[in-house]
Every structure is written in structure tokens, then in C-alpha cells.
Amino acid sequence: MVGGRYWEDAPIVALQRGSGAFPDGFLWGTKTSAYQIEGSVDADGRGPSIWDTFSHQTGATRNGDTGDVACDHYRRLDDDLDLLARLGAGAYCFSIAWPRIQPTGTGPANESGLDFYRRLVDGLLRRSIVPVVTLYHWDLPQSLEDAGGWVSRDTVGRFAEYTRIVAEALGDTVSTWITLNEPWCSAWLGYATGEHAPGIRDHGKAAAATHHLLLAHGAALQVLRATIPSAQVGIGLNIQPIRPASDHDDDRAACRRVDGNLNRLYLDPLFKGRYPDDMLEHYSGHAPGFDVVAAGDLETISRPIDFLGVNFYSPTTVCAPTRRAEAQAAGFWIPEPDHRARVGDLNAVQVLRPEVSRTQMGWEIEPGALTEIMVRVHDEYATLPLYVTENGAAFDDYVGPDGEIRDAERIGYLDGHLRAVLDAVGAGVDVRGYFVWSVLDNFEWAHGYSKRFGLTWVDFPSGERIPKASFAWYQRTVRDNALEP
Ligand code: FCB
């Protein structure tokens with residue numbers, strides 16, 4: 001369907017919506033990340049990452065929670081592999097902890113670190129599950145942060161070196177690679193709002209980090225192409241529709257800024273080989289900002305990728321700070337404190353629609369926004385294959401007296417978003433697969449263990465796993481390659 005025009009494919013929309021059936025070969029999966037599940041942070045020569053340091057700082061995470069033990073996945077690997085086999089999804093996306101491979105972010109490979117991922121990949125393949133590897137899901141070796149982290153251009157070279165080590169070790173067995181997970185979060189939550197590791201609050205540094213992360217993606221892509229010629233390589237972006245609270249020029253301008261920071265700052269360089277002018281201007285007063293861009297960088301960043309990973313949870317609506325009162329009068333709710341994470345320094349305020357249900361994270365539930373963002377990528381950027389590489393929700397799950405976890409809200413959320421995927425397919429978007437975040441409840445970054453996204457309940461700290469109702473629902477969905485009517 002790639003290259004087709006969506007109106008020509010219109011009848012397929014009706015057909016697929018009716019049947020709830022997914023295209024043949026659609027890849028079903030779940031996703032996790034190393035720091036959120038592994039634990040065993042000192043095992044087998046692993047060095048500290050910025051998340052070890054950050055989570056141990058007072059007040060950095062809810063309840064002082066850390067990933068020291070997390071789901072204890074490192075030690076429970078075989079049981080978790082069996083759980084994945086039981087789920088029946090054909091793919092599993094996990095991330096590699098850079099500090100297990102190079103404890104200080106440089107130098108020779110730590111073979112015992114690599115061995116863990118070799119065992120993981122072999123265990124997946126033995127169970128006929130396709131491994132999808134994320135090279136970087138936020139756990140930078142602390143030594144590299146001490147040398148400047150993503151604000152320093154040197155980190156790009158270090159990442160290329162690390163990529164080569166991993167590609168050489170796993171290239172025979174892994175063919176699908178995601179260079180970076182959500183570089184927006186690494187840059188803006190890590191270096192601008194300070195909500196994530198390394199906890200820095202400096203917009204100029206966040207802008208420079210954005211560029212170095214994207215350049216690291218480009219460098220890793222080249223390494224992967226050279227090391228594993230048949231590799232399928234992509235990047236995972238947390239893109240989403242941004243809407244203005246009203247048609248007023250100021251709200252529309254606020255919307256454009258937030259869209260620029262969250263979406264275009266990543267999509268434009270990757271697919272058009274340039275940063276958006278309005279964003280370059282917006283950050284021009286912040287040093288070092290985009291002054292770090294050197295000749296040739298954008299060519300490296302925009303080299304063609306094989307797929308784009310779309311991580312989607314929720315759309316965002318914003319108003320101009322001067323129009324809070326009007327937004328409130330129009331019925332919007334303004335959370336206090338507002339979600340500065342998304343809109344910090346952009347002269348915009350996030351507003352919520354009271355009539356729209358929200359997850360436990362406070363994120364609005366609007367499945368159609370997933371269709372919208374995928375159609376936008378297809379129409380404005382590229383017709384390349386897309387995977388929904390993250391989608392899921394935290395709710396107030398609990399274990400009932402009978403031992404069951406009846407997470408009907410999660411089933412509703414996932415069902416709605418999968419229908420939105422079918423709508424995108426029907427509109428001509430080449431969506432190849434869908435990964436639920438996540439198979440296990442896990443360490444939800446600054447929220448600690450207070451937010452549960454899993455299809456499986458994890459009893460912290462005993463580590464017991466109890467599949468929730470959504471686990472059985474996803475089992476049926478992937479088995480049938482279709483949603484129930
Ligand atoms: C995404 C992250 C993932 C998880 C989900 C809920 O932004 O990539 O690690 O925290 O949100």
C-alpha cells in the first residue's frame with residue numbers, strides 16, 4: 001500500500017474496521033528497557049549509568065525508588081522468556097545497557113555483559129520470538145556524563161564504538177535495530193527540565209544534546225550498515241499531535257512552538273536533512289544550542305532508515321500563557337503544576353479536556369491521535385514502514401481477593417489504539433507492527449514503581465509475576481491477528 005493515495009484505498013478502511021483483521025505478517029510484540037527491568041546493577045562488571053546516579057539522589061524519583069532491583073529480570077531471564085513464549089507475540093523489543101558492555105563508556109567490551117544479551121537473544125530465537133534491539137534507552141555510562149554527556153560531541157564517537165561492539169556480537173542473530181529510544185526525552189527531560197537523568201536544567205544544553213543524539217543515531221546507522229548489511233535499522237520517536245486550545249493566533253503560535261520542539265525538531269532533520277527555522281531561531285539565544293552543528297552532520301543524520309518507530313501515548317493541547325483565562329473559560333482544565341516537561345521554555349501551557357478520559361499518568365486517551373500522527377508522517381515526511389514501537393497505559397490495577405487483575409481499562413486502551421492502527425493502514429500508511437509497552441510492570445523512571453504499564457503484574461520486591469486480564473486478551477489478539485468485533 002506504500003505510495004498509494006489514501007482515498008484510493010478508502011474501501012479497505014471500511015473492510016478492516018469491520019473485520020478487525022490485521023495485514024498478514026503484521027508483527028506483534030512487547031517492549032521493555034534495560035534499566036526499567038533488569039536490576040543487578042553491579043553484576044558481572046556493569047558500570048554505573050546516569051540513571052543509577054540520578055535515582056539515588058534525594059527527591060529525584062517518587063519514594064526514592066531506584067532500578068537497583070527493578071523486576072530482577074537479569075536473574076529471572078529464563079522465566080521471563082517463558083512468559084514471553086506464553087504470551088505468543090512474535091517479537092520482543094529490549095534495550096541493551098551500554099554500561100554492561102562498556103562499564104565506563106569506552107574501551108574493550110565486557111564479555112560477561114555481552115553474554116547476558118547473547119543468552120537473551122538465543123532464548124528468544126529458541127522460542128521463535130524475533131529479537132528487536134534498542135541500542136540506547138537512556139542509560140548513558142556515568143563516566144561519559146562526567147565528560148559532558150550528550151552535550152559533548154565526543155559522546156557521538158563513543159556511541160558509534162559501542163554500536164560496533166554490539167553489532168559484531170549480535171549481528172548474526174539480530175536483524176532489527178533501533179538506534180535511540182525517544183531522543184526528545186533524553187535531551188529535554190534530561191538536560192532542560194531535569195526530571196530525568198542527568199537532571200540538568202539548561203535549554204541550551206538540551207538543544208546541543210538533541211543534535212548530538214541525532215548525530216549519534218546517524219553514526220550508529222552507518223556502523224550497523226557496515227557491520228550487518230542486511231540489518232533493518234530505525235529510530236523510535238515519541239511524536240504526537242499538538243493542538244491549539246483555540247483558533248486565536250497566540251494559541252496557534254504556542255502550538256507551533258511545541259510541535260516544533262516535540263515533532264519537527266526530530267522529523268525534519270531525519271527526513272528533510274535540516275532543522276526547522278523557527279526552532280533554530282527559538283534556541284538561538286541559548287548556548288551552546290544548535291551552534292554545535294557542523295558541516296556534514298545533517299547528511300549523516302538524514303541517511304535513509306528502514307523504518308520509523310512511533311511511540312505513542314497521548315496527544316497534547318496547548319494555549320499561550322496569556323490565554324490561560326480564556327482556555328479555562330472555554331472549559332479546559334489546567335493542571336497545576338502544568339506539564340512543563342512537554343512545554344518548558346516554549347511559552348506555552350498544556351491544557352486538558354475534562355470530558356476526555358485520562359490514564360493514571362494523567363495522559364488523555366484519544367486513539368484517533370495515533371492515526372493522525374502516522375498519517376502525518378506518511379503525508380509530510382516519508383512513506384517508509386512504521387512500527388508502533390510503544391503504546392500502553394498505566395491504570396490503578398490491583399490484585400483482587402481472588403488473585404486476578406481485571407485491567408479492563410488497559411484492554412480498552414489497547415483495543416482502541418489497535419483500531420487506530422487499522423485506520424492508519426486503511427489510509428495507506430505502511431504499518432508493519434505494534435509493540436505494547438510493556439510486558440511487565442516496571443520502574444517508571446521518575447515515577448518509580450507507582451505507575452504500572454504491564455500486561456503482567458509484578459509484585460515488588462518479591463518479583464512474583466501475575467499475568468493480568470490484558471495478558472490473556474493480547475494472547476488472543478496476536479493469535480487471531482485480529483481484534484474481537
Ligand atoms: C516512554 C518510555 C518508556 C516508558 C513509557 C511509559 O516514554 O520510552 O521507557 O517509560 O514512556
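Residues numbered from 1 in each chain as written. Predicted model: local features only at pLDDT ≥ 70, side-chain atom pairs only at ≥ 80, totals over all residues. Heavy atoms only, no water.

Help me understand the layout of surface pockets, please; the structure alone is not making it clear to me.
In this approach the atoms are scanned with a rolling probe the size of a water molecule, which exposes any empty space left behind. In this structure, the second largest pocket encloses a volume near 160 Å³. Pro-23, Asp-24, Asp-430, Val-431 and Arg-432 are the residues nearest the centre of the second largest pocket, which is lined by 10 residues in total. Of the residues belonging to the lining of the second largest pocket, the class tally is 6 nonpolar, 1 polar and 3 charged. (1 Å grid on protein atoms, 1.4 Å probe; cavity = no way out; pocket = protein on both sides within 12 Å on 5 of 7 lines; lining within 4 Å. Points joined across faces, edges and corners; volume = space filled by probe spheres on them. Nonpolar A, V, L, I, M, F, W, Y, C, P; charged D, E, K, R; others polar.)

When you look at unusual backbone geometry in this model, what are you seeing that I'm missing?
In most cases, non-glycine residues show a negative phi, while peptide bonds are predominantly trans. Of note, the amide linkage connecting Ala-287 to Pro-288 takes the cis form, showing an omega dihedral of -5 degrees. Along the chain, Pro-288 falls in the loop between α12 (277-282) and α13 (297-301). Here the amide bond leading from Phe-460 into Pro-461 is cis, since omega sits at 0 degrees, within 30 degrees of zero. Looking at where Pro-461 falls in the secondary structure, it is placed in the loop between β12 (456-458) and β13 (465-467). If you check the backbone angles, Trp-138 has positive phi at about 85 degrees while not being a glycine. Looking at the element boundaries, Trp-138 is found in the loop between β3 (130-136) and α7 (142-146). For Glu-182, which is not a glycine, the phi torsion comes out positive at approximately 45 degrees. (Helix = DSSP H or I, 4+ residues; strand = E, 2+ residues; numbered from the N terminus.)

What is the right way to read the pattern of salt bridges from this model?
For side chains of opposite charge, pairing can occur when their charged atoms come near one another. The full count for this structure, using the stated rule, is 33 salt bridges. Among the salt bridges present, the one from Arg-264 reaches Asp-278, with a minimum N-O distance of 2.8 Å. A residue pair is termed long-range when its members are at least 10 positions apart, and Arg-264 in helix α11 (residues 249-272) and Asp-278 in helix α12 qualify at 14 residues. The exposure class assigned to Asp-278 is partly exposed, which follows from its relative accessible area of 25%. Here Asp-397 and Lys-468 are joined by a salt bridge, their closest N and O atoms 2.6 Å apart. In this pair, Asp-397 is assigned in the loop between β10 (386-391) and α17 (408-426) and Lys-468 in the loop between β13 and α18 (469-480), connecting sequence segments 71 residues apart. Each member of the pair Asp-397 and Lys-468 is classed as buried. (Salt bridge = Lys/Arg side-chain N within 4 Å of Asp/Glu carboxyl O. Buried < 20%, exposed > 50% of the residue type's maximum accessible area, 1.4 Å probe, protein only.)

Sorry, what's going on with helix α4 (residues 77-87) here?
A turn of α-helix holds 3.6 residues, and therefore any two residues three or four places apart point the same way. For α4, the full list of buried residues reads Leu-77, Asp-80, Leu-81, Leu-83, Leu-84 and Leu-87. Buried residues of α4, seen end-on, are gathered within an arc of 155 degrees and therefore sit on one face of the element. Exposed residues on α4 whose side chains face more than 90 degrees from its buried face are Asp-79 and Arg-86. Its buried side turned inward, α4 meets β1 (27-31), β2 (91-95), α6 (111-126), β12, β13 and α18. (Arc of directions from axis to C-beta. Contact = heavy atoms within 4.5 Å.)

Please clarify how empty space enclosed by the protein should be interpreted in this entry.
Summed over the entire model, instances satisfying the criterion amount to 6 cavities of 30 Å³ or more. Within this model, the largest cavity holds a volume of roughly 60 Å³. Looking at the largest cavity, the residues that line it are Ile-50, Trp-51, Tyr-136, Trp-138, Trp-150, Cys-185, Ser-186, Tyr-191, His-196, Ala-197 and Pro-198. For the lining of the largest cavity, the elements supplying multiple residues, two or more each, are α3 (50-55) and α9 (183-191). The biggest single contributor to the lining of the largest cavity is α9, with 3 residues. In terms of residue class, the lining of the largest cavity is built from 9 nonpolar, 2 polar and no charged.

Honestly, the packing of aromatic side chains in this entry has me stumped. Any pointers?
Aromatic ring pairs are described here by two measures, namely the spacing of the ring centres and the angle between the planes. Evaluation of the coordinates by the stated rule reveals 35 aromatic pairs. Measuring from ring centre to ring centre gives 6.4 Å for Tyr-35 and Trp-445, while their planes differ by 20 degrees; the resulting arrangement is stacked. Of this pair, Tyr-35 sits in helix α2 (residues 34-37) while Trp-445 is found in the loop between β11 (431-437) and β12, placing the two residues 410 residues apart along the sequence. Looking at Trp-445, the relative accessible area reads 4%, which means it is buried. Centroid distance Trp-98 to Tyr-162: 4.7 Å. Interplanar angle 10 degrees. Geometry classified as stacked. Taken as a pair, Trp-98 in helix α5 (residues 98-101) and Tyr-162 in helix α8 (residues 154-170) lie far apart in primary sequence, 64 residues in all. Residue classification places Trp-98 among the buried positions, given a relative accessible area of 0%. Classification of Tyr-162 by relative accessible area gives buried; the value is 0%. An aromatic cluster of three or more residues is present, and its members are Tyr-35, Trp-51, Phe-54, Trp-138, Phe-443, Trp-445, Tyr-449 and Phe-460. Over the ring of Trp-457 we find Arg-452, and its NZ or CZ is 3.6 Å from the ring centre. (Phe/Tyr/Trp six-rings, centres within 6.5 Å; stacked < 30°, edge-to-face > 60°. Lys NZ or Arg CZ within 6 Å of the ring centre and 35° of its normal.)

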